[in-house]
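# Breakdown of the fold
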Amino acid sequence: MDKHDSLPLEATELPDELPGLKLRSTVVFPFDVVSVQLDRPRSLRMMEAYPGDAALVACFFPKDREAERTDELEDFEPIGVACRVIHRMHMPNETVQVVLQGLRRIRLLEVVGVQPHFRFRIETIPEREPRGTDIDGLIYRCMELVDELVKAEGGYPAEMANILRMNIAGAGRFADLVGAHVNLPLAMKTRICATENVRERLRIVENMLREGLAGHQVEREVAKKVKVDIDQRQREHLLRAQLKAIRQELGIEGDSEADILELRDAIAEAGLSEEVAAAASREVERLAAMPPSSAEYHVARTYIGWILDLPWALARRRTINLKKARRILDRDHYGLEEVKERILEFLAVRRLKKDPRSPVLCLTGPPGVGKTSLGRSIAEAMGRAFVRVSVGGLRDESEIKGHRRTYVGAMPGKIIQAIKRAGSRECVFVVDEIDKMGSDARGDPSSAMLEVLDPAQNDAYLDHYLDLPFDLSRVFFVCTSNVLENIPGPLRDRMEIVQLSGYTRQEKLHIARNHLLPRVLKENGLSSKHVVFTDAGLNALIDGYTREAGVRGLQRQIGRVCRRRALEVVESGKDGKATRIDDRAVVRMLGPRSFEDTARFRDPAVGVTAGLAWTPFGGDLLFFEASLVPGRGRLKITGQLGDVMRESAETAFSYVQSIAKDLEIDADVIARHDIHMHVPEGATPKDGPSAGVTMAACLASLLTGKPARSNLAMTGEITLKGRVLPVGGIKEKVLAAHRAGIRHVVLPEPNRKDMQEVPADVRDEMTVRYTRLAAENIEAALVPIYLAHDNDEALLPPDAPPPTLDTAP
C-alpha cells in the first residue's frame, strides 16, 4: 500500500452469510446497475426464497465459465460483489429478469450450501482509496485511452468521456466505471472486478484499454486492405463484364468464361493456403488463355477440380469420449479385451495431446478376427469419417503416390483419392492388407507408404499428380496385416503394433449368438420365427465344420444352414413353426463333419507325435511320423520343410543318438536302418525351429518302440545338447490344441509367462507341463513313463499300463 493511501471508505453493513448467485454471462461492479436473466433452477429457487425487491445477494464468478459444475470453493473467483435486488419480473419462458445494484466488494470464505440454492459465507472488503501523483497519472492516461477508444470504435454515446470525467469519485470508482461501460471481453471485466488493490486495478484497466485500442488499429488496417482488394475485384469484374459484352458482339462467347469466374470465386472461398491458392490461381489463368476445345484445357480443368475438391481446411477438433468409445468397442466386438484396452489407451493419448500427430496403429492377426471392423468402430467412437483402402497386391508405386500430369489419364494416388471420398482430413483411414504389397520394375509401394505413415513427415505429403504439399498429420491411420514379418522393417518401425489372436470356443459361441446370427438371418430374409439355433447346434458348427482362428468360416456355415431353411420355407409355401437347429439338424443339413477331434479318434502309435505350429491364420497342429527302413543310419525328411526345420530335425536326430544308451536304444538298430520322417500335408510349406522337441520325441518313440501319447502336443526349439529354448506364438498354439480337442501340452519353461495371454477358460481346461530339457519332453510323450507332477494320470491314455518307475526331473 502506498504511503499516500487514505483510510478505508465507509462500508455498507452486510451479514456474514448471504444467498448467492453464480454469474456466468455478465459481471456486476459496485454501484453499477445490471439486468440479469436467471434461467437455472438453483437461481430461480433462490429468487423464490427471497421474494422482496430489497433482498441482498452475493454474486460470484466461476473461474471456468464453460464448466458444468463449479460448486467447490476453489472453483470460484475469491472476490465478488454484494448486490441488492431492486426489481424482478417473471418472463413468459419461465425465467426471471432481475435488476441488481452492486454495493460492495466481498471475499468468499466458504460455500455453506449448494441446495436448494447457493449460500456463501463472506467478509466485506474495505475500499482503500490511494492517493498520489502516480494515481493521478494513471487516471489521466486511462481517460485519454477512453477518448481514443470511443472515437475509434464507435457505438458509444458522444458524451461518454465527459460523463466519466464528471463522475470520478475516486480511483477505484473510476476503474469500476470504465470496466462496466467500456466494451471489454467478459474475462477482462471479471479480472477488473476481482482485483482488490485499486492501484493494480487501474494498471489492469490501462493495459486492457491499450490492447483494445491496438486491436482496433489492426482492424482498421485490415479493413483498409480489404477495401482495396474489393475495389480491385470490382474493377476486374467490370472489365470482365465489358470483355464478355465485346465477345458476345464478336460472336466468340462460350461457357468457358462463366466457368473461369466460378473457379476464381471457388478458389477465393476454399480457405486454401497461400502456396496452394497461388498454384490454383496460376492454373486458372493458364486455363483462361486456352481454347476450350484443346485437350490441355480439360487436363488443367480436371487438375483444378481436384484441388478444389480436397478438404484443405480443418474442422473443429472433437473431444474423444472414452466412455462412448469403450461402449462402441464392446458393442461391436466380443472378447479381445487386451486389444480394446490398447486402442482406448491410444485414444486417451490422442485426447490429451495438443499436437495431433501420433504413431500409426497396426492391427495384426489371423483373418476373420475383426481387424477392419475395429477400424470402423474407432471411427464411430471418434465421430470421424471412415475410409478404407486395400493395398494387397499393389506393385506400382504410382498407385500410392499418383501419376505425374504429363501422362495421359493421370490421376492422384489412392491416398488422396480416399481423402477426397472422406471429405475431411480428420478421418479414420484403414490401410488394409499392408503386408501383401509387392514390388517390381514399376517401383516399391511399401517405400512410398513410408511418407504416408511417418508422423514426422506426413504433414507435407507430396502426391505426384497434385505436386502440392497436403497435410496428413490429422488422419488417424489404422493398418491391418496377417503376417507382421512381411512388412518391411522401416515401415514396421513407424507403426504401433497391436496383436490380435484367435477366438476361443466360448467366445465364438457368444459371437455367433449375438453378432453373426442376427446378421445372417437378416441377409437371408429369415427371423426367429423360422429358425432357432441351440447352443449344441452352434457348437457343432464350431467344432465340426470350421477350424479357424476367426469367425468368417463360421458365418459362412451359419449362412448355409439358413439358406437350407429358406429353401424349405419357399418350397413349403408357408412359414410353419420355427425349425430347431441342434447338432443332429446340423449334420442333416450340412452332411458329415469336416473336422474331428484329433485326440478322440487317434490311438497312441509308435513314431507319431503331435506338434504345435503358428501360421498367419492362427495356430495349427502338425503331426510327425517316422519309420525305420533298411539302410545305413541316415535321416530322410519329407513334407516340404524349410531349411530351418530340416536343421532342427538333424539336431533332434543327433541328440537322440547321443542319449541312445539312456533310452535303451540298440545302436545296431540305428546303424542298420535309415529313418524316414514325414510331416503330412506335404503341399503346405513348413518352416521354423519350434518343432525340434516334437521331432526328438518322435524319433525316441520310433527307436524305443514305445508309443507316443495321442492326447498330448508340444512345442519348443531344441539345441544339440538337449536344452529347450523358448518359441513364439504360444497363445495361438495353445488355442489350436484346444480347438483340436487336445488338453495336454508341453511348453518350454521360459514360455510360462506367455500362458497368461491365454483366456482363463482355456487355461482351466488345459494341463500344461513346462520343460527345460528335451529329455523331459521325451518322458512326457512316451506312454510307459510315469511323470511326477500334479496331474500325472491325466496325461495317460485310458489303455496305458500302470506306471512302473519314477523318473521325475
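Above this text is the structure in question.
This structure is a prediction, so every number in the text was calculated from the model and none was measured.

The subject of this paragraph is the pattern of salt bridges. Inspection of the entire model under this criterion finds 35 salt bridges. Here Arg203 ties to Glu200 by a salt bridge, and the two come within 3.9 Å at their closest N and O atoms. Of this pair, Arg203 and Glu200 both sit in helix H6 (residues 198-250), 3 residues apart, which is roughly one turn of the helix. Among the salt bridges present, the one from Asp454 reaches Arg494, with a minimum N-O distance of 3.2 Å. With Asp454 in the loop between helix H15 (445-453) and strand S10 (461-462) and Arg494 in the loop between helix H16 (489-492) and strand S13 (495-499), this pair connects stretches of sequence that are 40 residues apart. Using a relative accessible area of 12% as the deciding quantity, one classes Asp454 as buried.

A separate point is a nonpolar patch on the surface. A grouping of Val218, Val222, Val226 and Ile230 is seen on the molecular surface, where their side chains present a nonpolar patch of about 310 Å² in accessible area. Inspection of the secondary structure puts Val222 in helix H6. Given a relative accessible area of 45%, Val222 falls into the partly exposed group.

One open sheet accounts for 5 strands, arranged S8-S9-S12-S7-S13; its pairing is parallel. Edge strands, defined here as strands with exactly one partner in the open sheet, are strand S8 (385-390) and S13. Taken pair by pair, the neighbouring strands of this sheet meet at an average axis angle of 20°, ignoring direction. Note that strand S7 (residues 360-364) and strand S12 (residues 476-481) share 4 bridges and pair parallel. Across the sheet, the residue bridging to Leu363 is Thr480, located in S12. Set on the sheet, helix H11 (residues 337-352) makes contact with S7, S12 and S13; between it and S13 the angle comes to about 150°. Strands S7, strand S9 (427-432), S12 and S13 of the sheet are contacted by H15, whose axis makes an angle of about 145° with S12.

Before going further, it helps to examine a negative patch on the surface. On the surface, Asp643, Glu647, Glu650 and Asp687 cluster together to form a negatively charged patch. Summarising the element assignment, Glu647 is placed in helix H22 (residues 643-658).

Time to look at the nonpolar core. Formed by 54 residues in total, the largest nonpolar core has its most connected members in Phe429, Ile434 and Leu453. The residues contacting Phe429, other than those within four sequence positions of it, are Val387, Val389, Lys414, Ile415, Ala418, Ile419, Val475, Phe476, Phe477 and Val478. Ala381, Phe476, Ala512 and Ala566 belong to the second largest nonpolar core, which has 51 residues in total.

With 6 of 6 residues buried, S9 is to be regarded as a mostly interior element. Alternating residues of S9 divide into Cys427, Phe429 and Val431 and Val428, Val430 and Asp432, and every residue in both groups is buried. Where S8 meets S9, 6 bridges bridge the pair, whose relative direction is parallel. In the sheet register, Arg388 faces S9, and the bridge partner there is Val430. Note that S9 and S12 share 4 bridges and pair parallel. Note on S12: the bridge partner recorded for Val428 is Phe476.

Conventions and cut-offs
- Residues numbered from 1 in each chain as written.
- Predicted model: local features only at pLDDT ≥ 70, side-chain atom pairs only at ≥ 80, totals over all residues.
- Heavy atoms only, no water.
- Salt bridge = Lys/Arg side-chain N within 4 Å of Asp/Glu carboxyl O.
- Helix = DSSP H or I, 4+ residues; strand = E, 2+ residues; numbered from the N terminus.
- Buried < 20%, exposed > 50% of the residue type's maximum accessible area, 1.4 Å probe, protein only.
- Patch = residues over 30% accessible without salt bridge, like charges linked within 9 Å, V, L, I, M, F, W, Y side chains within 5 Å.
- Areas by Shrake-Rupley, 256 points an atom, 1.4 Å probe, with all protein chains shown as cover.
- Pairing = 2+ DSSP bridges.
- Axes fitted to C-alpha atoms, helices over the stretch in contact; angles between N-to-C directions.
- Contact = heavy atoms within 4.5 Å.
- Lys, Arg positive; Asp, Glu negative; His and termini not counted.
- Charge placed at Lys NZ, Arg CZ, Asp CG, Glu CD.
- Core = buried A, V, L, I, M, F, W, Y, C linked by side-chain atoms within 4.5 Å.

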